[in-house]
Amino acid sequence: MAIEFNRDTVRKVLIGIAAAGAAVVLGLVILVAVAVQGLPDYKQLADYRPPVTSRVHAGDGSLIAEFATEHRLFVPIQEIPEVVKDAFISTEDKSFYDHSGLDYAGIMRATLTNIVSIFTGDRMQGASTITQQVAKNMLLSSERTIMRKVKEAFLAQRIERALGKERILELYLNQIPLGRQSFGVAAASLNYFDKPLSQLTLAEAAYLGALPKGPNNYDPVKKKDAAIARRNFVLSRMVANDKITQEQADAAAQEDIVVVNRLSEDKYVASAHFVEQVRRQVIAQLGEPALKEGGLSIRATLDTRLQVAAARSVRKGLEQYDRRHGWRGPVARIDADGDVPALLRAVASPPRLTGWQTAVVTQAERGVVRFALADGSQRQLAGEDITWAAQGARGKADRALRRGAAIYVQCPRRADSRCNLRQVPEVEGALVAMNPHTGRVLALIGGYDFRLGDFSRVTDARRQPGSAFKPIVYAASLDPCSSEGQQGCGLTPATLIDDAPFAIEAGDGTVWAPDNYNRDSYLGPTTMRTGLEKSLNTMTARLVYTMGPERVFDYAVRLGIYEQSKRELAVFSLGLGVGETTPLKLTTAYAMFVNGGRRIAPIFIDRIQDRDGRTVERQELVQCQECLAPWSGQPAPVIPDVREQVLDPITAYQVVSMSQGVVDRGTATVVKSVGKTLGGKTGTTNDYKDAWFVGFSPDVVVGVWVGFDRGRELGEGESGARLAAPIFRDFMAEALKTETDTPFRMPAGVRLVRVDSRTGFLPGADTVDTTIEAFRPGTEPTEVTAQQPFIIGQGAVGLPGATQPLDVPGAIPTAQPGRLPAKEDDGLGGLY
């Protein structure tokens, strides 16, 4: 049937079409006008400085950490290899050098393809050029709207007119997100392959070129097949664009994609607590934006070899202690008949830097324990470990090694070798090593495993140092008296001090009666050296009483152990280490003994430079303007030592010399096996809650602490000599293994005299043992013995060889109890 149209109908239809067309055109005009009005300023791209990763390098130049909101290393376009450019251009925008911002042929091709995709359900294609991607990534959002696409198109054309192609490509290749927290090709090259761009192979460059379409879709670990397929597609596009030959593409397509976990090496794992300290310091000095976006180059003081040695030594010591105190049970219990690899992945992973693996017990009967590893292999536990676990599980069924127990094991490489059972210690520890002359921190271990918390027991934990504080007491007594009438100062390492039972009745009615470590053993009159070597408490208490705790506290303040505001610590028990401090402060104090009594402060950062290479922070250890002058034959400048002298150099050396005796003959002989010149002091607090050893060589000082964070008792006999000193020994054996042994530096004026080790006087006919002792001029002994030697604690203080005794009112008697006059105005109720 014919349809008849009259003129009015046709006219109305045409008017409608025209009106609709006009409305569309008007709408487009309005859309474009709005889009153009709201365009961001594209001119900023000419001077664009994107956020850049800050990097921390150790003192030996090794990279140990990176900080960034977006991990990026900005690389100039001329430094980016052609193969990398070709991979991206061939895949993302083959007409990049021909278009003016928009690829019209590509747009039409994508439009037609997408119309078909609507009916086939295939993935839609885009037609964005590299210039459009720069506009989107750097000036716009990623929202999928028509307005954003219109703005993107206009911006792309304006960018093309304002910037050259090379600048646009430089921005693109430095800005694009490529997975693994990488922004830009340089960061991606490092994070995937641990290589600079210049060392990438064709296959590796092609893989990076595959990532803009979605890094998670082509993850080389989780989705390797898809990653290889996409990489090979990029290679084919490079062939099609005549960038490589088919033979090159075929060879590259045969390569596997092997990626690395770049920041997982031992030095990175071991350095975590040190890096955290650096992070805090940089934020405090320059702010968090500077650290995470400023591209800072931070040169730290860390020695990575010593840091790894410190981590291994601390872990070994803590694990040995933990082993002595029993098995505490499996990590978890899982279904040994289920998907073992998947179930083991859900179990907490073992600590890094240990070589441990997670396993599940599959058989436990008749003295045999078999287990399965995540790779499906079956291994067997060593007999001594089965016995150890059985002892720990006795009477506690939840600790038993039965089928389904998830455990940590350490296995030799040989498949037929038996494995060892392991557990994460509950006890904690800390180690800090520093250069005593500069304060540069060389190693820092703040705990067993940084993953358990960033709390650093080196810098943040305040604990009682116990007998590790005694060198400060002896330093206060060795230093010359500062005013007439002072008692207990100006002594020598050979001064006799009475080691006998001692008690003080305080003003509140309580009695303070310290014991020696061996409670029933007292030596009577003994040299100060022997008192330090054997860590005699009653001798130290008598010395503090004679000097007064105020003098001891003042010396602790001088050496940075306590703040002046903590004067309430100036009590008699201070001498036995009841005042809390940090391992870092105590170790720094020991460093000032080693360096001759000069003040130092811990240094973690040598220098910080900004992204342009300008130094913004630097440790100035010396002042030397003459060093900057051009050389014209003049003699080398003399650099003055401007460090504050906080301790007399001879006093410092005397403490070092006595501390060397602690290692040679005293409570730390376990350290002698290092075979180098070493000194130090053990420390153990009441009820075995803290174990310390702070020791040193001529050029390295090390503090070690072991204990529980909650102050639990470590157990009978778990002293500084047993727990902390072996950690120091193991660390120093590694730290000094290539160092030539040298003696401690002796200041001018020291008189070395061989004395009787028992009496402190010159050797005589009945001398059994002698010691070469260090004296201040005028204090050295001149007699073989004295008819009535002067002893602290027997009515008078005496210096061997002195011409007159120094009377001490109310001096402490040796043995017989009895009430004696207290020192004037000391507030004590009496002495026993």
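Residues numbered from 1 in each chain as written. Predicted model: local features only at pLDDT ≥ 70, side-chain atom pairs only at ≥ 80, totals over all residues. Heavy atoms only, no water.

Glancing now at the sheet that holds strand E19 (residues 690–696). With respect to topology, 5 strands assemble into an open sheet ordered E11-E10-E20-E19-E18, the strand pairing being antiparallel. One side of each edge strand has no neighbouring strand; the edge strands of this open sheet are strand E11 (441–445) and strand E18 (679–684). Direction aside, neighbouring strands of the sheet carry axes that sit 5 degrees apart on average. Where strand E10 (residues 428–434) lies against E11, 4 bridges are found, and the strand directions are antiparallel. Of the residues in E11, the one forming a bridge with Val 432 is Leu 444. (Pairing = 2+ DSSP bridges. Helix = DSSP H or I, 4+ residues; strand = E, 2+ residues; numbered from the N terminus. Axes fitted to C-alpha atoms, helices over the stretch in contact; angles between N-to-C directions.)

Following the criterion strictly, the structure yields 2 disulfides and no others. Sulfur-sulfur distance for the disulfide between Cys 411 and Cys 419 comes to 2.1 Å. Taking the torsion about the sulfur-sulfur bond, which here is approximately 115 degrees, the covalent link between Cys 411 and Cys 419 counts as right-handed. Owing to a relative accessible area of 0%, Cys 419 belongs among the buried residues under this scheme. Residue pairing for Cys 481: its cysteine sulfur links by disulfide to Cys 489, the two sulfurs lying 1.9 Å apart. Where Cys 481 bonds to Cys 489 through sulfur, the torsion about that S-S bond is close to 105 degrees, and the disulfide is right-handed. According to the relative accessible area criterion, Cys 481 is partly exposed, its value standing at 34%. (Disulfide = S-S within 2.5 Å. Buried < 20%, exposed > 50% of the residue type's maximum accessible area, 1.4 Å probe, protein only.)

What follows covers the packing of helix H17 (residues 470–478) against helix H21 (residues 583–594). A pair of packed helices is captured by two measures, namely the crossing angle of their axes and the spacing between those axes. As a packed pair, H17 and H21 sit with axes 11 Å apart at the nearest point and diverge in direction by 40 degrees. With respect to their mutual orientation, H17 and H21 come out oblique. The chirality of how H17 crosses H21 is left-handed. Where H17 approaches H21, its residues Pro 471, Ile 472 and Ala 475 are matched on the opposing element by Leu 586, Tyr 590 and Phe 593. Its residues assigned to classes, the contact of H17 with H21 shows 6 nonpolar, no polar and no charged. (Parallel < 35°, antiparallel > 145°, perpendicular 65-115°, else oblique. Left-handed = near helix turned anticlockwise from the far one by under 90°. Contact = heavy atoms within 4.5 Å. Nonpolar A, V, L, I, M, F, W, Y, C, P; charged D, E, K, R; others polar.)

Residues of the protein with pLDDT of at least 70 account for 84%, and the chain-wide mean is 85. Low pLDDT (under 50) marks residues 795–832, which in the prediction has 90 contacts with non-local residues, meaning those over four places away or in another chain. (pLDDT = per-residue confidence, 0-100.)

Let's shift gears to the side chain of Ser 62. With respect to the helices and strands, Ser 62 occurs in the loop between strand E1 (54–57) and strand E2 (63–67). Once you skip the residues sitting within four places of it in the chain, Ser 62 turns out to touch Val 56, His 57, Lys 267 and Thr 304.

A sheet is described by the order of its strands in space; here 5 strands give the open sequence E2-E1-E3-E16-E17, paired in mixed fashion. One side of each edge strand has no neighbouring strand; the edge strands of this open sheet are E2 and strand E17 (615–618). On average, each strand axis in the sheet is inclined to that of its neighbour by 15 degrees, with strand direction left out of account. Judged from the 4 bridges that link them, E1 and E2 form a sheet pairing that is antiparallel. Along E2, the bridge assignment pairs Val 56 with Ala 65.

With that out of the way, let us pick up the packing of helix H2 (residues 82–92) against helix H6 (residues 165–175). Contact geometry for H2 and H6: axes closest at 12 Å, N-to-C directions at 95 degrees. Our classification of the angle between H2 and H6 gives roughly perpendicular. Facing Lys 85, Phe 88, Ile 89 and Glu 92 of H2, the residues of H6 in contact are Glu 166, Leu 169, Tyr 172 and Leu 173. Tallied by class, residues from the contact of H2 with H6 come to 5 nonpolar, no polar and 3 charged.

Our focus in this paragraph is the packing of aromatic side chains. Counted according to the given criterion, the structure contains 18 aromatic pairs. Ring centres of Phe 274 and Phe 604 lie 5.7 Å apart, and the angle between their planes is 55 degrees; this geometry places the pair in the tilted category. Of this pair, Phe 274 sits in helix H12 (residues 272–286) while Phe 604 sits in the loop between H21 and strand E16 (605–609), and the two are 330 residues apart along the sequence. An angle of 35 degrees between the planes, with centres 6.1 Å apart, marks the rings of Trp 356 and Tyr 408 as tilted. Linking Trp 356 in the loop between helix H15 (340–345) and strand E5 (357–365) with Tyr 408 in strand E8 (residues 405–410), this pair joins segments that are 52 residues apart in sequence. (Phe/Tyr/Trp six-rings, centres within 6.5 Å; stacked < 30°, edge-to-face > 60°.)

Of all hydrophobic cores here, the largest spans 125 residues; its most connected members are Leu 431 and Phe 731. When near neighbours in sequence (up to four residues on either side) are disregarded, Phe 731 contacts Leu 306, Ala 309, Ala 310, Ser 313, Leu 431, Ala 433 and Val 702. Val 84, Ile 159, Tyr 207 and Ala 227 belong to the second largest nonpolar core, which has 38 residues in total. (Core = buried A, V, L, I, M, F, W, Y, C linked by side-chain atoms within 4.5 Å.)

Relative to the helices and strands, Asp 250 resides in helix H10 (residues 246–253). Put simply, Asp 250 and Ser 236 are 14 residues apart on the chain and 9.1 Å apart in space, counted from C-alpha to C-alpha.

In this section: unusual backbone geometry. A negative phi holds for most residues other than glycine; trans holds for most peptide bonds. One non-glycine residue, Arg 180, adopts positive backbone phi at about 55 degrees. Note on placement: Arg 180 falls in the loop between H6 and helix H7 (185–193). Note on Arg 180: relative accessible area 33%, which makes it partly exposed. Backbone geometry at Ser 535 places phi at a positive 55 degrees, although glycine is not the residue there.

Moving on: the pattern of salt bridges. Overall, the coordinates contain 45 salt bridges when judged by the stated rule. The salt bridge involving Arg 55 is made with Glu 66; its shortest N-O contact spans 3.1 Å. Taken together, the residues Arg 55 in strand E1 and Glu 66 in strand E2 connect sequence positions 11 residues apart. Residue Glu 66 is classed as buried on the basis of its relative accessible area, which comes to 13%. Notably, a salt bridge pairs Lys 85 with Glu 82, separated by 3.2 Å at the nearest N-O pair. With Lys 85 and Glu 82 both in helix H2, this residue pair falls 3 residues apart, about one helical turn. (Salt bridge = Lys/Arg side-chain N within 4 Å of Asp/Glu carboxyl O.)

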